[in-house]
Amino acid sequence: MANPTFDQLLEAGCHFGHLKRKWNPAMAPYIFMERNGIHIIDLYKTAAKLDEAAAALKSIAKSGKKVLFVATKKQAKQVIADKAQAVNMPYVIERWPGGMLTNFPTIRKAVKKMTSIDKMTKDGTFDNLSKREKLQITRQRAKLEKNLGSIADLNRLPSALFVVDVLKEHIAVAEANRLGIPVFAIVDTNSDPRNVDFVIPANDDASKSIELILDTVIAAMAEGLEERKVEKVDNEAAAENEDGAAPAPKRERRRVRRAEAAPAAEAAEEAPAVEAEQAE
């Protein structure tokens with residue numbers, strides 16, 4: 001798991017904070033200095049915190065749990081979508097649906113509605129509807145796909161939340177806090193880090209900064225998933241060794257039973273002939 005160097009973080013502009021007048025005092029431990037009225041983030045602390053967050057996310061991925069990525073700001077949307085898809089994780093890049101975590105069963109109903117519309121299309125029910133009904137259902141399906149399509153495979157609450165801008169995504173952070181779901185976040189100098197479990201102090205507006213940090217955490221998660229796969233294969237091999245040879249396929253077992261039964265059947269057929277000879 002290769003973490004970015006100080007120079008890479010500097011080149012990506014991770015150190016640029018907001019204007020001094022917009023700062024959140026709770027971010028003071030992560031601020032290195034002020035230059036021309038702008039706060040500069042301490043990149044050594046960024047590197048250390050990023051390393052800590054990446055290790056924790058790797059552990060979550062290795063255990064087979066889901067991490068929900070959230071970023072609805074323009075410069076982070078596509079990056080989040082691409083990176084989350086690479087490790088098969090759910091994400092939200094459109095408007096955060098209120099109650100998505102705290103009222104999760106209702107969100108699941110909406111996702112199931114999308115599935116039922118797809119079923120209608122396949123079984124021919126959709127073709128029997130009027131033109132107006134078809135249009136209404138098609139629009140509803142498109143809206144559900146846009147807002148919830150990226151979380152269609154999320155069957156239970158996520159084990160963690162990764163947020164790009166905690167100020168913009170404050171509702172998502174509040175819901176996760178209420179349910180005790182750990183929050184990982186890129187936190188800029190104008191945000192409050194106190195509601196975040198794993199703070200990554202960095203510029204959350206520059207696309208290069210966002211991409212570099214996401215590349216690091218996604219690489220760590222991919223590594224965790226790979227280790228999980230290897231362990232699974234090793235465990236299956238160990239189980240086979242403990243139980244002896246792997247069980248033969250059904251067709252092979254049937255053939256062996258027939259072969260074993262053949263001599264007994266021949267002996268049974270020969271027995272009456274032998275008895276007849278002895279009687280003569």
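See above for the structure.
Let us look at the structure shown here. Quick caveat: nothing in here was measured; it's all calculated off a predicted structure.

Rules and cut-offs
- Residues numbered from 1 in each chain as written.
- Predicted model: local features only at pLDDT ≥ 70, side-chain atom pairs only at ≥ 80, totals over all residues.
- Heavy atoms only, no water.
- Helix = DSSP H or I, 4+ residues; strand = E, 2+ residues; numbered from the N terminus.
- Phe/Tyr/Trp six-rings, centres within 6.5 Å; stacked < 30°, edge-to-face > 60°.
- Buried < 20%, exposed > 50% of the residue type's maximum accessible area, 1.4 Å probe, protein only.
- Arc of directions from axis to C-beta.
- Salt bridge = Lys/Arg side-chain N within 4 Å of Asp/Glu carboxyl O.
- Core = buried A, V, L, I, M, F, W, Y, C linked by side-chain atoms within 4.5 Å.
- Contact = heavy atoms within 4.5 Å.
- Pairing = 2+ DSSP bridges.
- Axes fitted to C-alpha atoms, helices over the stretch in contact; angles between N-to-C directions.

### Details of the environment of Pro29
For Pro29, the location among the structural elements is in the loop between β1 (16-19) and β2 (31-35). Separated by 172 residues in the primary sequence, Pro29 and Pro201 place their C-alpha atoms 9.8 Å from one another.

### Here we look at the packing of aromatic side chains
Here the structure, examined in full by the defined rule, presents three aromatic pairs. Taking the centre distance of 4.3 Å and the plane angle of 5 degrees together, the rings of Phe184 and Phe198 count as stacked. Of this pair, Phe184 sits in strand β7 (residues 183-187) while Phe198 is found in strand β8 (residues 198-201), placing the two residues 14 residues apart along the sequence.

### Things to note about helix α6 (residues 170-179)
Taken residue by residue, α6 has Ala172, Val173, Glu175 and Ala176 as its buried positions. The buried side chains of α6 occupy one side of the element, clustering within an arc of 165 degrees when seen end-on. Gly180, located one to two residues past α6, shows a positive phi value of around 75 degrees.

### A few points about the pattern of salt bridges
Evaluated as defined, the whole model comprises 14 salt bridges. A salt bridge links Lys77 to Glu94, with the shortest nitrogen-to-oxygen separation between them at 3.7 Å. Remark: Glu94 occurs in the loop between β5 (91-92) and α4 (104-123) and Lys77 occurs in helix α3 (residues 74-86); sequence separation between them is 17 residues. The partner of Arg141 in a salt bridge is Glu145, and the shortest N-O contact between them spans 2.9 Å. Taken together, the positions of Arg141 and Glu145, both in helix α5 (residues 131-148) and four residues apart, correspond to about one turn of that helix. Look at Glu145 and you get partly exposed, because its relative accessible area is 38%. Salt bridges sharing common partners tie together Lys58, Lys62, Glu223, Glu227 and Glu231.

### Details of the nonpolar core
If you look at the biggest cluster of nonpolar residues, it comprises 36 residues, and the most contacted ones within it are Val67, Phe69, Ile80, Phe162, Phe184, Leu214 and Met221. For this core, the elements supplying multiple residues, two or more each, are α2 (43-62), β4 (67-70), α3, β6 (160-163), β7 and α7 (207-242). The contacts of Phe162, once residues within four sequence positions are left out, are Leu57, Val67, Leu68, Phe69, Val70, Phe184, Ile186, Ile200, Ile213, Leu214 and Val217. If you look at the next biggest cluster of nonpolar residues, it comprises 29 residues, including Met114, Leu144, Leu154 and Ile181.

### Brief notes about the sheet that holds β4
Read across the sheet, five strands follow the order β5-β4-β6-β7-β8 without closing on themselves; strand pairing throughout is parallel. In this open sheet, the two edge strands, each paired with only one partner strand, are β5 and β8. Strand direction decides the pairing type here: β4 and β5, joined by two bridges, are parallel. Across the sheet, Phe69 pairs through a bridge with Tyr91, a residue of β5.

### Overview of the sheet that holds β1
Here three strands make up an open sheet; going across it, the order is β1-β3-β2 and the pairing antiparallel. Single-partner strands in this sheet number two, and they are β1 and β2. Ignoring which end each strand starts from, the neighbouring axes of this sheet average 30 degrees apart. Here β1 runs beside strand β3 (residues 38-41); their pairing, made up of two bridges, is antiparallel. Residue pairing across strands places Leu19 opposite Ile38, the latter belonging to β3.

### Examining the pairing of β7
A large share of β7 lies buried, amounting to five of its five residues. Side chains Val183, Ala185 and Val187 of β7 all project onto a buried face; the interleaved residues Phe184 and Ile186 project onto the opposite face, where all are buried too. Sheet topology places β6 next to β7; three bridges connect them, and they run parallel. Its bridge partner being in β7, Val163 is matched across the sheet by Ala185. Looking at chain direction, β7 and β8 are connected through four bridges and run parallel. Residue pairing across strands places Ala185 opposite Val199, the latter belonging to β8.

So, to be careful, I would describe these as geometric facts and stop short of saying anything about function.
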